[in-house]
Amino acid sequence: MALLCPIWQRMTDKLHIVGGGMAGSEAAWQAAEMGVDVVIHEMRPNVGTFAHQTGNLAEMVCSNSFRSDDDEQNAVGLLHWEMRTANGLIMSTADRHRLPAGGALAVDRDPFAESVTARLNAHPRISVTSEEVTSLPEDDHWIFATGPLTSPDLGQAIQAATGADALAFFDAIAPIVYADSIDMDKAWMQSRYDKGETEEERTAYLNCPMDRDQYEAFIDALLAADKTEFHEGETAGYFDGCLPIEVMAERGRETLRHGPMKPVGLTNPHQPDVKSHAVVQLRRDNALGTLFNIVGFQTKMKYGAQTDVFRMIPALENASFARLGGIHRNTFINSPTLLDEQMRLKSQPNIRFAGQITGVEGYVESAAMGLLAGRLAAAEIQCRTLPDVPQDSAMGALIHHITGGAEARTFQPMNVNFGLFRPVDGLKGGRRGRKDRYKAYTDRAKAVWSDWVKQC
Ligand SMILES: Cc1cc2nc3c(=O)[nH]c(=O)nc-3n(C[C@H](O)[C@H](O)[C@H](O)COP(=O)(O)OP(=O)(O)OC[C@H]3O[C@@H](n4cnc5c(N)ncnc54)[C@H](O)[C@@H]3O)c2cc1C
């Protein structure tokens, strides 16, 4: 649909993309394929990061896996499917350089990045410049896709434009649990001292009680668990604000009982006469109420150790985790407060953000947000309005989460997962109905996404 463009939209027909990683590369491809001229500003190889090794675009900084390729039972596999359906550069190149990896999509990383670089350089509408961008320009259309290792000068400029509280330099992620995997015969909903004006506020927390023996066994397991080391180049300065629970436990066996596990102001309705020795609290992590994060449980435990240790918590014995905890260097903005549903900065709409800096996590999710940002920006330059990204697609569930569905106050980067999807009516909850439920989500997503792509 053609629209009258506001003056600032007519200043140029070029799209500038800062950062040629997963998101920037995909955004450039999508916009160029829609007929828009694109300039990619990538600082490497002139300016490096501690993790990247080459000057290639779309370099994979760590593992060579795009995770599960199962598009019927896995949310990231569904995202693969949606990106393939939308002519995604990252997926088509990954498919060409696929390595055997069972149900996962693993790629030969160097040929993959070289091939993405070659395809972008060869595109008649794309040019690539090797320069660091350190400000948010007021003119022209820009997508900032500078990732978790955004250069410090640009980080400062983003902070100046958005406010100190709206930009984080580290992830301190507490594990996130699927609500339907929590045993509510043991847990209960209550805010400490029943604080709150409304019933919803007074029952905002989900509580898991521990007796003395359970607490002592939990502390032993925490202390013994395998931990990951920090990457070179990361600093530990953020420790002041968010100590990992195992570090708290090392400071003293009672520290957690006086911190995130304190049992005061709570009464267990299942056993009202028994005083809990410690209580683990979980808080709603999305508006749908399908995900809960374990409050204050950021951790550097290895993933295998985390599931073992967290399943010792009463009511979480059968917990399924939408994501596990972690702490690492990661620059990201508070998208739920800063971005509109088109991924534009509300205060400066000629600027879009894409990729991991928007608060998604992972190669696939970052490329996915690049795909959307590229298409949305290109349409705007062409004075067209695309239909809303369907919320029931994996793309839509993610963009909806980061631009409004997530709790802004506790916003932390998120992988795609079925907890972000609206329920399908009439299906069984819990573990037993999971296979049918996931199939219903993926069928519904494929239908709405195919429609959207056809209309764009
Ligand atoms: C150490 C580390 C390990 C990781 N391991 C994994 C993993 O195993 N699996 C996984 O799925 N994800 C992993 N991630 C997350 C991963 O970085 C993202 O999933 C993905 O690469 C993000 O894509 P992106 O396009 O947002 O950012 P990136 O791919 O990082 O791309 C951003 C680009 O912007 C450039 N840039 C930065 N600042 C500027 C500037 N001012 N001007 C111009 N260019 C700039 C950078 O050089 C970079 O090329 C890891 C991240 C880190 C830091």
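Residues numbered from 1 in each chain as written. Predicted model: local features only at pLDDT ≥ 70, side-chain atom pairs only at ≥ 80, totals over all residues. Heavy atoms only, no water.

- If you look the chain up in an unreviewed UniProt entry, it shows as Methylenetetrahydrofolate--tRNA-(uracil-5-)-methyltransferase TrmFO from Ruegeria halocynthiae.
- We quote the UniProt Cofactor (unreviewed entry) comment for the chain here in full: "FAD".
- Per UniProt, the chain carries the Sequence similarities (unreviewed entry) text "Belongs to the MnmG family. TrmFO subfamily." (UniProt positions renumbered as here; feature names shortened; annotations may be inferred.)

1. Here we look at the site of the ligand
Then step 1. In the vicinity of the ligand, 31 residues are found, and the nearest of them are Ala23, Glu42, Arg44, Gln356 and Gly362.
Then step 2. Here glycine 362 contributes a backbone N or O atom positioned 3.1 Å from an oxygen atom of the ligand.
Then step 3. Serine 366 is positioned with one of its side-chain polar atoms (N or O) 3.5 Å from an oxygen atom of the ligand.
Then step 4. The fraction of the free accessible surface of the ligand (970 Å²) that becomes covered by protein chains is 92%.
Then step 5. When contributions to the shell around the ligand are tallied by element, the ones reaching two or more residues are α1 (22-33), β2 (37-42) and α11 (363-381).
Then step 6. The residue inventory of the shell around the ligand, partitioned by class, reads 12 nonpolar, 15 polar and four charged. (Near = heavy atom within 4 Å. Polar contact = N/O pair within 3.5 Å; in protein donor to acceptor, adjacent residues only side chain to side chain. Areas by Shrake-Rupley, 256 points an atom, 1.4 Å probe, with all protein chains shown as cover. Helix = DSSP H or I, 4+ residues; strand = E, 2+ residues; numbered from the N terminus. Nonpolar A, V, L, I, M, F, W, Y, C, P; charged D, E, K, R; others polar.)

2. Considering the sheet that holds strand β12 (residues 278-284)
Then step 1. A sheet is described by the order of its strands in space; here six strands give the open sequence β10-β11-β12-β13-β9-β14, paired in antiparallel fashion. Either end of the sheet is taken by a strand with one partner, and the two such strands are β10 (188-189) and β14 (321-323).
Then step 2. Pairing of strand β9 (residues 176-178) with strand β13 (residues 291-294) involves three bridges; the strand directions are antiparallel. Among the inter-strand pairings, valine 177 is bridged to a residue of β13, identified as phenylalanine 292.
Then step 3. The sheet contacts of helix α7 (residues 212-224) involve β11 (205-210) and β12, and relative to β11 the element is tilted by about 95°. (Pairing = 2+ DSSP bridges. Contact = heavy atoms within 4.5 Å. Axes fitted to C-alpha atoms, helices over the stretch in contact; angles between N-to-C directions.)

3. What to know about the layout of surface pockets
Then step 1. The volume enclosed by the second largest pocket comes to roughly 560 Å³.
Then step 2. Lining the second largest pocket are 32 residues, with Ala172, Arg409, Thr410, Phe411 and Gln412 sitting closest to its centre.
Then step 3. At seven residues, strand β8 (residues 167-173) tops the list of elements feeding residues into the lining of the second largest pocket.
Then step 4. Looking at the lining of the second largest pocket residue by residue, the classes come out as 18 nonpolar, eight polar and six charged.
Then step 5. Shared between two domains, the lining of the second largest pocket takes at least three residues from each, and those domains are domain 1 (7-166 + 333-455) and domain 2 (173-329). (1 Å grid on protein atoms, 1.4 Å probe; cavity = no way out; pocket = protein on both sides within 12 Å on 5 of 7 lines; lining within 4 Å. Points joined across faces, edges and corners; volume = space filled by probe spheres on them. Domains from an automatic or database assignment.)

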